[in-house]
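# Observations on the model geometry
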Number of protein chains: 2
Amino acid sequence: MNIILLSGGSGKRLWPLSNDIRSKQFIKLFRNNNGDYESMVQRVYRQITEVNPLAKVTIATSKSQVSAIHNQLGDKVSICVEPCRRDTFPAIALAATYLHDELGVGLDEAVAVCPVDPYVDNTYYKAVNKLEALVSQGTENLTLMGIEPTVPSRKYGYIIPESKDYISKVKEFKEKPDKETAKQYISQGALWNAGVFAFKLGYLVDKAHSMIDFVDYRDLYSKYETLTKISFDYAVVEKEPSIQVMRYAGEWKDVGSWNMMAEVMADKVKGNVTLDEACENVNVVNELDIPILVMGCKDMVVAASTDGILVSDKERSGQMKPYVEAISTDVHFAEKSYGTYTVIDAQPGALTIKNTMKASHQMSYHYHERKDEVWTIVSGTGKVIVDDMERAVHPGDVVTITAGCKHMIIAETDLSLIEVQVGNELTLKDKIICNR
Amino acid sequence: MNIILLSGGSGKRLWPLSNDIRSKQFIKLFRNNNGDYESMVQRVYRQITEVNPLAKVTIATSKSQVSAIHNQLGDKVSICVEPCRRDTFPAIALAATYLHDELGVGLDEAVAVCPVDPYVDNTYYKAVNKLEALVSQGTENLTLMGIEPTVPSRKYGYIIPESKDYISKVKEFKEKPDKETAKQYISQGALWNAGVFAFKLGYLVDKAHSMIDFVDYRDLYSKYETLTKISFDYAVVEKEPSIQVMRYAGEWKDVGSWNMMAEVMADKVKGNVTLDEACENVNVVNELDIPILVMGCKDMVVAASTDGILVSDKERSGQMKPYVEAISTDVHFAEKSYGTYTVIDAQPGALTIKNTMKASHQMSYHYHERKDEVWTIVSGTGKVIVDDMERAVHPGDVVTITAGCKHMIIAETDLSLIEVQVGNELTLKDKIICNR
């Protein structure tokens, strides 16, 4: 079984833990079987391989998520990187050609596409596995998995099947309805469209060639930027007459707001947090080093990171988007291939950053045009290379890097360094990668 | 008129803005006549001098507050520094001898003692001025100002006067009563004892000599540590037969909790704060650089500093003390004589600190025994002296200071520097001041 996980864009709905760089699927609020914290993407990968140890997982995502995926999953998954965001049809077309041209997956093999972010139990991935058998029978071109509605929600599109059978041909698709209409749909046996599709790889490769003029994966990659933004639902699913749906009635939660996240996170509180005994139904996530004290609060969520602090009534937290968009968008936390990057102070003309590095990891060799940097190693040992000169570094060592100096650091042990950037124009874009 | 302001100890009741070093009277949540933020101590000094431009103000306080007082009031007030905390009788005795022996105040002059922390309007200091006239008449040894109770509070001691007249002899004093007893007291014309006393300086100097064996201010200062802790109320007020009280019915608020502070602070929110339109009766103080978003909250206070984050129901905030005491007591913010000191990152073996300095101010010349420091100048210009070698510094310059190196910096302009401390034992105590 091949599974393409669509790892969607940046999200503000779990601000301040999600931001323009860190999507919500990388926040570690769940726990694995050993009791360690894990993120949604780690949880999903674990569940898939618990259900089917032979599953081959490819994550379709943007460049900005590659470091986080490597950090969290190592080399266990393939990554199909979209050069830019072009909605789900181009993303799935690129992933399909990647599977065929780069990974050598046969055109007759079954492929399932799943979003990376619903909170589910293992029965969900058992159901995804069943899709493979259905695809292999070859009766229909497309096989969907529909979620049995628990409430007449207005948040989802609906799949209207021809019958209420476990597997049924699809009659039609309906956009997000009002509540009354949703009730009608449900009485007809309608299902939520949760974006799970399965097909033979050849079906999708053909579909891609019929809609886009390209030769192979590399060619498609190179012209990706020119593609029209269109969803897989509009481009393919809703136009396909040979289509069936399988019902899924197990656990499925859309973790699209703090209110929902509070229901499924492993612990009521995470981090340095004190709740007094008068608190009721309060969840707190504290990624800062400083303590949070919550007293006499009810039905609330508090979340703090270096990007900001949210204090919200749980119900209200779903309305957060416009407020967060109005707030400064400086990103103060990012997962890097080498570890983490946290802005601990920002003032005009200077940024102070805490970098943590994992043993045996390194930064890319690069220079900046318009900023000077001062690194102070505060823990661990490693090797620094500045303008091709190499030296060993230990705690207390200082490395001064003026604009134009090429530099990198290789961590031997786990390592932490404080970086002070000084300059009139401090942007992440001022970074030129060099060869060594 | 001489006024001794008692500037009390550290407080946790306005945590995280007050801490072991920063007492609540230094938090800037009020506004002066120009609309600029001011602290309680700035407000009190402004009010006193608005009412009586000739008033001579002496602040009796501990060593730890001297820098903050200099920062906030410059050289406009005298400061009588207590070598250690010994409650109010030794503090007032020391201040009285300081007035006489150091400032040359005559023994016949009137002195009023006021706490620095009630929130009042100018009529309060007009009343304090009236005490001077009463003291000068010389009919009684001690003249108190009593606050007309607004509710039968259990939080205050009560003064029972002989009559309900504006000025009356005092019949007796009562400890904090229960509510019913408080009602009885009030029906007899009782007043809250708010710690305002006035007397001729000679009265108190004599009283001090009768109770403590000392020669003069310097001698008293040198043996201060040996003195018994006792309050001025117990030691003097409640034993004095020649005592009268003047009623005060104007504004007077005890800002002893966030609930009360929320009532009197100049703005509902201070700092980088967004409230959604569903918030009701919410106050937020944000001293951090990162934004705070509050949604759908009612009757709450949120306060954030580098020491921590409080999210509390207003009523509950009065119960904070035991919770705050259980939280780590590392101090992350302090006002220094040169500016401010803010810990922006703490990890095992390393502290990162942002120091801001005011133009023409300097750090003391000192060294550390067990830590190395790296300074990066991020704004402003100044002069650094390391082991008696002087050099000019500008933004981007780095100063490395190994353990044992004597060092200081003199700010020419306003200046900001990031300091990284590295060592196995990072305490504020590891600081040896040197001569230069």
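Just so it is clear, the structure is predicted and the values come from calculations on it, not from any experiment.

### Observations regarding empty space enclosed by the protein
All names here are of chain B. This model, assessed by the stated rule, comprises seven cavities of 30 Å³ or more. Its volume calculated, the second largest cavity comes out at about 70 Å³. Considering the residues around the second largest cavity, the lining is formed by I21, R22, F26, S64, Q65, A68 and E335. Tallied by class, the residues present in the lining of the second largest cavity amount to three nonpolar, two polar and two charged.

### Re the relation of the copies chain B and chain A
The two copies are related by a screw operation: chain B maps onto chain A through 179 degrees of rotation and 0.1 Å of translation along the axis, at an RMSD of 0.1 Å. As the rotation angle and translation indicate, the two copies are arranged about a two-fold axis. Distance from the rotation axis, computed per C-alpha, reaches its smallest value in chain B at I344 of chain B: 2.9 Å. Mapped onto chain A, 100% of the interface residues of chain B are again interface residues, and the two copies thus contact each other with one and the same surface.

### Looking at the interface of chain B and chain A
At the junction of the two partners, chain B supplies 53 residues and chain A supplies 53 residues. For the pair chain B and chain A, the summed buried area comes to about 4,100 Å², and 69% of that belongs to carbon and sulfur atoms. Of all residues in chain B, L293, M295 and I309 of chain B give up the largest surface area on contact with chain A, accounting jointly for 17% of the area buried on that side. If you look at where chain B meets chain A, you find six salt bridges. Remark: the boundary between chain B and chain A carries 18 residue pairs in polar contact (both at pLDDT 80 or more). For the side of chain B that touches chain A, the residue count by class is 31 nonpolar, 14 polar and eight charged. Where strand β19 (residues 308-313) of chain A and strand β17 (residues 292-295) of chain B come together, four bridges link them in parallel fashion. If you follow L310 of chain A over to β17 of chain B, its bridge partner there is L293 of chain B.

### Let's talk about the sheet that holds strand β27 (residues 398-401) of chain A
Residue and element names in this part refer to chain A. Read from one edge to the other, the open sheet built from six strands follows the order β20-β21-β22-β29-β24-β27, with strand pairing classed as antiparallel. Edge positions in the sheet fall to β20 (333-335) and β27, since each of these pairs with one other strand and no more. Each strand axis lies, on average, 20 degrees off the axis of its neighbour in the sheet, ignoring direction. Of the strand pairs in this sheet, strand β24 (residues 372-379) and strand β29 (residues 415-422) are connected by seven bridges, and their pairing is antiparallel. Opposite T376, over in β29, you have I418 as the bridge partner.

### Notes on the sheet that holds strand β20 (residues 333-336) of chain B
All names here are of chain B. Ordered in space as β20-β21-β22-β29-β24-β27, the six strands form an open sheet in which the pairing is antiparallel. The sheet is open, and its two borders are formed by β20 and β27 (398-401), each paired with just one other strand. Within the sheet, the average angular offset between the axes of one strand and its neighbour, ignoring direction, is 20 degrees. As judged from the four bridges shared by strand β24 (residues 372-379) and β27, these two strands associate in the antiparallel manner. For E373, the partnering residue across the bridge sits in β27 and is I401. Running over the sheet, helix α2 (residues 66-73) touches β20 and β21 (339-347) and is turned about 65 degrees from β20.

### Focus: the environment of D75 of chain B
Along the polypeptide, D75 of chain B turns up in the loop between α2 and β5 (78-82). Separated by 28 residues in sequence, D75 of chain B and Q47 of chain B have C-alpha atoms that sit 17 Å apart.

### Focus: helix α2 (residues 66-73) of chain A
Burial of α2 of chain A is extensive: six of the eight residues sit out of reach of the surface. Once α2 of chain A finishes, G74 of chain A follows within two positions and takes phi at roughly 65 degrees, a positive value.

### Observations concerning the packing of helix α3 (residues 88-101) of chain B against helix α6 (residues 201-211) of chain B
All names here are of chain B. Between α3 and α6, the shortest axis-to-axis distance is 9 Å and the interhelical angle comes to 125 degrees. In terms of orientation, α3 lies oblique with respect to α6. Note on packing geometry: the crossing formed by α3 with α6 is left-handed. Packed against α3, whose contacting residues are F89, I92, A93, A96, L99 and H100, the element α6 presents L201, L204, V205, K207, A208 and M211 at the interface.

What counts, and where the lines are drawn
- Residues numbered from 1 in each chain as written.
- Chains lettered and ligands numbered in written order.
- Predicted model: local features only at pLDDT ≥ 70, side-chain atom pairs only at ≥ 80, totals over all residues.
- Heavy atoms only, no water.
- 1 Å grid on protein atoms, 1.4 Å probe; cavity = no way out; pocket = protein on both sides within 12 Å on 5 of 7 lines; lining within 4 Å.
- Points joined across faces, edges and corners; volume = space filled by probe spheres on them.
- Nonpolar A, V, L, I, M, F, W, Y, C, P; charged D, E, K, R; others polar.
- Least-squares fit on C-alpha atoms with pLDDT ≥ 70 in both.
- Contact = heavy atoms within 4.5 Å.
- Buried area = accessible area lost by both parts, 1.4 Å probe.
- Salt bridge = Lys/Arg side-chain N within 4 Å of Asp/Glu carboxyl O.
- Polar contact = N/O pair within 3.5 Å; in protein donor to acceptor, adjacent residues only side chain to side chain.
- Pairing = 2+ DSSP bridges.
- Helix = DSSP H or I, 4+ residues; strand = E, 2+ residues; numbered from the N terminus.
- Axes fitted to C-alpha atoms, helices over the stretch in contact; angles between N-to-C directions.
- Buried < 20%, exposed > 50% of the residue type's maximum accessible area, 1.4 Å probe, protein only.
- Parallel < 35°, antiparallel > 145°, perpendicular 65-115°, else oblique.
- Left-handed = near helix turned anticlockwise from the far one by under 90°.

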